[in-house]
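Commentary on secondary and tertiary structure
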Amino acid sequence: MSKENEAVSFRTSIGGQALMEGILMRGPDKQAIVCRTEDGLVETVETITPLKDKCAIFGWPIIRGAVALVSSMANGIKALSYSASLLPEDQQEEPDKIDQWIEKHFSGETAQKLIIGVAMVLGLGLALLLFLFMPTFIAGLIPGVHENFYARTLVEGVVKLIIFFLYLALCARMPEIARVFSYHGAEHKTIFCYERELPLTVENVRVQPRLHPRCGTSFMFVVIIVSILIGSLIHVSNTWARMGIKLLLLPLIVGITYEINRWAGRHDNVCSAILTWPGKQIQRITTNEPDDGMIECAIRALELVIPEEKGADEW
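Now for a look at the structure at hand. (Residues numbered from 1 in each chain as written. Predicted model: local features only at pLDDT ≥ 70, side-chain atom pairs only at ≥ 80, totals over all residues. Heavy atoms only, no water.)

1. Things to note about helix α8 (residues 216–231)
In plain terms, the rule: By the criteria applied, helices consist of DSSP H or I runs no shorter than four residues and strands consist of E runs no shorter than two, each listed in order from the N terminus. Working rule for helices: expected span equals 1.5 Å times residues minus one. Only protein chains enter the accessibility calculation, which uses a 1.4 Å probe; a residue whose area is less than 20% of its type maximum is buried, one above 50% is exposed, and one in between is partly exposed.
In a regular helix each residue adds 1.5 Å, so 16 residues correspond to 22 Å; α8 covers 22 Å between its end C-alpha atoms and thus fits that length. Every buried residue of α8 is listed here: T217, S218, F219, F221, V222, V223, I224, V226, S227, I228, I230 and G231.

Dropping the structure here:
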């Protein structure tokens, strides 16, 4: 039996994100960032409170998916910014004009929050442009498709998938992103090693598969598929009205996708295997084989967030 098909001992709720020369790991009550610098590993750990503990409604089905996406985006952008600040000066990018203006007029934590907020807005704006507005606009220009809602939904879906794969392929060709994808692979391998209850050593992690069923890449792919299915129910021909309706339905689409991925991640059967297979294949683009230094980063980040009570992080 191959490593990829070996059953895990349990499924952890601990998840991670690849950074610039580092790893973010988020557990049930702690978050850790471990980055490799010229002086060795740099670690930061902070205590976190689940959003559902702050407000019960954030733990409700469907709603929790949209909340989790916004929260993970904010945490991810903040962690990426931190990891980039640890790079050697000759590898750091100059702040853009917006960041410079914010840093000039605000200071400390306020400036950081504003910069993260602007990055989130720009990131969401780009995602909406590429995967919502552009496909809808292009499909509306094709003769014979405008009034055929099912054909239009199919064309919109195909355009979304083409844009998605082109975007990932272009990212993978960038050297700095290729290294981030290698850290992504290290994160997956380390999680697999932990779920199989093996000692967290470089040797044990190295042989684990890099394609994991509970991954953000898989989530984004399922978002596109769910949006195509729900889009087929929108019988509105006006392009701008169609865009507006899709925008309003986006939280619902994200929420449904979250519940699908949550169910698939908790089960091991034919249906869950079918649901997770496409996303795992896309991870062949978004993950690369890591070197031992990257694995060491991932191991240390995971160790820092494992709860003291055994099983407290079970999915």
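2. Let's talk about the nonpolar core
Selection rule: Nonpolar cores are built from buried Ala, Val, Leu, Ile, Met, Phe, Trp, Tyr and Cys residues. Side-chain atoms within 4.5 Å join them into one set. Residues count as neighbours in contact if any of their non-hydrogen atoms are within 4.5 Å of one another.
Among the nonpolar cores identified, the biggest contains 25 residues, and I14, I23, M25 and L302 are the most heavily contacted of them. When residues of this core are traced back to their parent elements, those giving at least two are β2 (22–26), β3 (30–37), α6 (175–195), α7 (202–206) and α11 (292–305). The biggest single contributor to this core is α11, with 9 residues. Dropping the residues within four chain positions of it, I14 is found in contact with M25, R26, G27, P28, I191, Y194, L302, V305, I306, P307 and D313. Within the second largest apolar cluster, 10 residues are counted, among which are F131, L168, I228 and I282.

3. Observations concerning the pattern of salt bridges
Where charged atoms of side chains with opposite charge meet at close range, the side chains can pair. In plain terms, the rule: A carboxyl oxygen of Asp or Glu within 4 Å of a side-chain nitrogen of Lys or Arg is what we treat as a salt bridge.
Under the criterion given, the structure shown has 13 salt bridges. R179 is paired through a salt bridge with E21; the nearest N and O atoms lie 2.5 Å apart. Residue R179 is located in helix α6, and its partner E21 is located in the loop between β1 (15–19) and β2; the two are separated by 158 residues in the primary sequence. E303 is the salt-bridge partner of R300, the closest N and O atoms lying 3.5 Å from each other. Taken together, the residues R300 and E303, both in helix α11 and 3 residues apart, mark about one turn of the helix. One network of salt bridges, with partners in common, ties together R152, E156, R242 and K246.

4. Some points on the sheet that holds β3
Quick reminder of the rule: Following DSSP output, two strands are said to pair if at least two bridges run between them. Interaxial angle, 0 to 180 degrees, is taken between N-to-C directions of lines fitted to C-alpha atoms, where a helix line uses only the stretch in contact.
Strand order in the open sheet formed by 4 strands is β1-β2-β3-β4, and the pairing between neighbours is antiparallel. Each of the sheet's edge strands pairs with one partner strand only, and the pair in question is β1 and β4 (40–47). Strand-to-strand twist of the sheet, defined as the mean angle between neighbouring strand axes without regard to direction, takes the value 15°. Relative to β3, β2 is paired through 5 bridges, and the arrangement is antiparallel. Along β3, the bridge assignment pairs G22 with C35. Strands in contact with helix α2 (residues 63–85) are β1, β2, β3 and β4; relative to β1, the strand with the most contacts, it is inclined by about 40°.

5. Considerations on the pairing of β3
Extensive coverage of β3 is indicated by the burial of 6 of its 8 residues. What sits between the antiparallel neighbours β2 and β3 is a turn of 3 residues. The sheet contact formed by β3 and β4 spans 8 bridges and is antiparallel. Among the inter-strand pairings, Q31 is bridged to a residue of β4, identified as E46. Connecting the antiparallel pair β3 and β4 is a turn made up of 2 residues.

6. Thoughts on unusual backbone geometry
It is generally the case that most residues other than glycine have a negative phi and that most peptide bonds are trans. Residues other than glycine seldom take positive phi values, yet E21 does so here, at roughly 55°. Even without glycine at this site, I62 takes up a positive phi of about 75°. Given the relative accessible area of 30%, I62 is considered partly exposed.

7. Some points on a nonpolar patch on the surface
So the rule is basically this: Nonpolar side chains (Val, Leu, Ile, Met, Phe, Trp, Tyr) are joined into patches within 5 Å and like charges within 9 Å, using only residues with over 30% relative accessible area and no salt bridge. Residue burial considers only the protein chains on display, and all accessible areas are found by Shrake-Rupley using a 1.4 Å probe.
A cluster of nonpolar residues, L126, L129, M134, F137, I138, L141, I142, Y167 and W240, forms a patch on the protein surface that exposes about 850 Å² of accessible area. The element that contributes the greatest number of residues to the nonpolar patch is helix α4 (residues 108–141), accounting for 6 residues. Structurally, the position occupied by M134 is in helix α4.

8. Notes on the side chain of E259
The topology assignment puts E259 in helix α9 (residues 239–266). Excluding its chain neighbours within four sequence positions, the residues that come into contact with E259 are P61, I62 and R64.

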